[in-house]
Amino acid sequence: MNLVEAKNIWKIYGDSIVLENLNFSMKEGEFCTLVGPSGCGKTTFLRMLLGVENPTKGKLFFEGNDYPQEPSDERGIVFQRYSTLSHLNVIDNVIIGLEFESSKFFGKLFGSKKKEAYEKAEEILKAVGLQDARNKFPHELSGGMKQRLSIAQSLVKKPKLLLLDEPFGALDPGISLDMHELLLDIHSKLNFGVVMVTHDISEAFKLGTRVLVFDKVKVDEKYPNRYGSTIVNDIDSSKERKNVKK
Ligand SMILES: Nc1ncnc2c1ncn2[C@@H]1O[C@H](COP(=O)(O)OP(=O)(O)OP(=O)(O)O)[C@@H](O)[C@H]1O
């Protein structure tokens, strides 16, 4: 079964066509990277996969069912800017998502549930290499550490689909390389599906098992918004990915 399937998707804002006739499907465990010119609708598509944006026309499916109309723990997202809460330390920043999930009215976990949540959080902090920073506050962390924490916040809920919108765009190059290793490592262990927007082509081939190129098929010089983008190329990059030297 496909994890995600998009059939003839269109997204139109007013008289501006952003996406047109887009078809896409991915299986569990695939890592799709999205590349393409600025403004061609990559983030718009990612927002649809999160469940906060609807297609104007066409149909989206999640595990064969109609696409959920709101975000849920099955789909996590990491943005370029960090999503950490400044008044909470590292471990509580991870726990907070689990508290909202299990206790929507009281927002606090007690007893065995609390113990279980801390164990899950410890495990995920270890996976992202933040176990020694568990009691630090976000202002005490480097950019790379903050982004590790954002990834931990999403992963602790065990999403089936992780959405990444240029997550390493604001990091120094050396730190981005560390984050690549981290992501490849966690992905190989947990095998969730990933859709990641990036402007960096080498990053797209290094991380993705598939590289999807978004662009317009037709261009009207006079009315640039007359035609939308679609997936113009779907490249199997699993070989390049395996050959990457660590
Ligand atoms: N809510 C909205 N209302 C109107 N237009 C929108 C809205 N959201 C996005 N757009 C337009 O849709 C187009 C695609 O935007 P989107 O952010 O998806 O592109 P992108 O490929 O992610 O761009 P970039 O690579 O620069 O981040 C842009 O022209 C943008 O102005």
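Residues numbered from 1 in each chain as written. Predicted model: local features only at pLDDT ≥ 70, side-chain atom pairs only at ≥ 80, totals over all residues. Heavy atoms only, no water.

Enquirer: How should the environment of Ile12 be read in this particular structure?
Expert: By secondary structure assignment, the location of Ile12 is in strand 1 (residues 2–13). The partly exposed category is assigned to Ile12, whose relative accessible area is 27%. Residues Ile12 and Lys216 lie 204 residues apart in sequence; the distance between their C-alpha atoms is 14 Å. Excluding residues within four positions of it along the chain, Ile12 makes contact with Ile17 and Thr56. (Helix = DSSP H or I, 4+ residues; strand = E, 2+ residues; numbered from the N terminus. Buried < 20%, exposed > 50% of the residue type's maximum accessible area, 1.4 Å probe, protein only. Contact = heavy atoms within 4.5 Å.)

Enquirer: Got a minute to help me understand the site of the ligand in this structure?
Expert: All residues adjacent to the ligand are Tyr13, Val18, Pro37, Ser38, Gly39, Cys40, Gly41, Lys42, Thr43, Thr44 and His199. Between Tyr13 and the ligand, the recorded distance is 3.4 Å, taken from a side-chain N or O atom to a nitrogen atom. In this structure, an oxygen atom belonging to the ligand sits 3.1 Å away from a main-chain N or O atom of Cys40. Looking at the shell around the ligand residue by residue, the classes come out as four nonpolar, six polar and one charged. (Near = heavy atom within 4 Å. Polar contact = N/O pair within 3.5 Å; in protein donor to acceptor, adjacent residues only side chain to side chain. Nonpolar A, V, L, I, M, F, W, Y, C, P; charged D, E, K, R; others polar.)

Enquirer: Help me understand the nonpolar core, please; the structure alone is not making it clear to me.
Expert: The nonpolar side chains of a soluble globular protein tend to be buried, and buried together. Within the largest apolar cluster, 33 residues are counted, with the highest numbers of intra-cluster contacts made by Val94, Ile151, Phe168 and Met196. Two domains share this core, each providing at least three of its residues, namely domain 1 (2–84 + 160–243) and domain 2 (88–140). Those residues in contact with Ile151 that sit more than four places away from it in its chain are Val78, Val128, Phe168, Met179 and Ile186. Counting 28 residues, the second-largest nonpolar core is a separate cluster that includes Ile9, Leu19, Phe62 and Leu161. (Core = buried A, V, L, I, M, F, W, Y, C linked by side-chain atoms within 4.5 Å. Domains from an automatic or database assignment.)

Enquirer: It is not clear to me how the packing of aromatic side chains should be interpreted in this structure. Could you clarify?
Expert: Under the criterion given, the structure shown has three aromatic pairs. Note on Phe45 and Phe214: the rings are 5.7 Å apart at their centroids and 50° apart in plane angle, and the pair reads as tilted. Note that Phe45 is positioned in helix 1 (residues 42–50) and Phe214 in strand 9 (residues 210–216), a separation of 169 residues in sequence. On the accessibility criterion, Phe214 (0% relative accessible area) is buried. Through pairs of rings, three or more aromatic residues link up here, namely Phe24, Phe45 and Phe214. (Phe/Tyr/Trp six-rings, centres within 6.5 Å; stacked < 30°, edge-to-face > 60°.)

Enquirer: Can you walk me through the pattern of salt bridges in this structure?
Expert: Side chains bearing opposite charge may pair, as long as their charged atoms lie close to each other. According to the stated counting rule, one finds 13 salt bridges in the structure shown. Close ionic contact of Glu63 with Lys160 constitutes a salt bridge, the shortest N to O distance being 3.1 Å. Taken together, the positions of Glu63 in the loop between strand 4 (57–62) and strand 5 (65–66) and Lys160 in the loop between helix 4 (143–155) and strand 7 (161–165) put the pair 97 residues apart, joining distant regions of the chain. On the basis of relative accessible area, Lys160 is assigned to the partly exposed category, the value being 33%. Its salt-bridge partner being Arg226, residue Asp220 comes within 2.8 Å of it at the nearest N-O pair. A residue is classified by how much of its surface remains accessible, and Asp220, at 14% relative accessible area, is buried. Look at Arg226 and you get partly exposed, because its relative accessible area is 46%. Residues joined in a network through salt bridges with shared partners are Lys11, Arg47 and Glu53. (Salt bridge = Lys/Arg side-chain N within 4 Å of Asp/Glu carboxyl O.)

Enquirer: Where do I start with the environment of Pro37 in this structure?
Expert: Mapping Pro37 onto the fold places it in the loop between strand 3 (31–35) and helix 1. Separated by 162 residues in the primary sequence, Pro37 and His199 place their C-alpha atoms 8.4 Å from one another. Here Pro37 is in contact with Lys42, Phe214 and Asp215, once residues within four sequence places are set aside.

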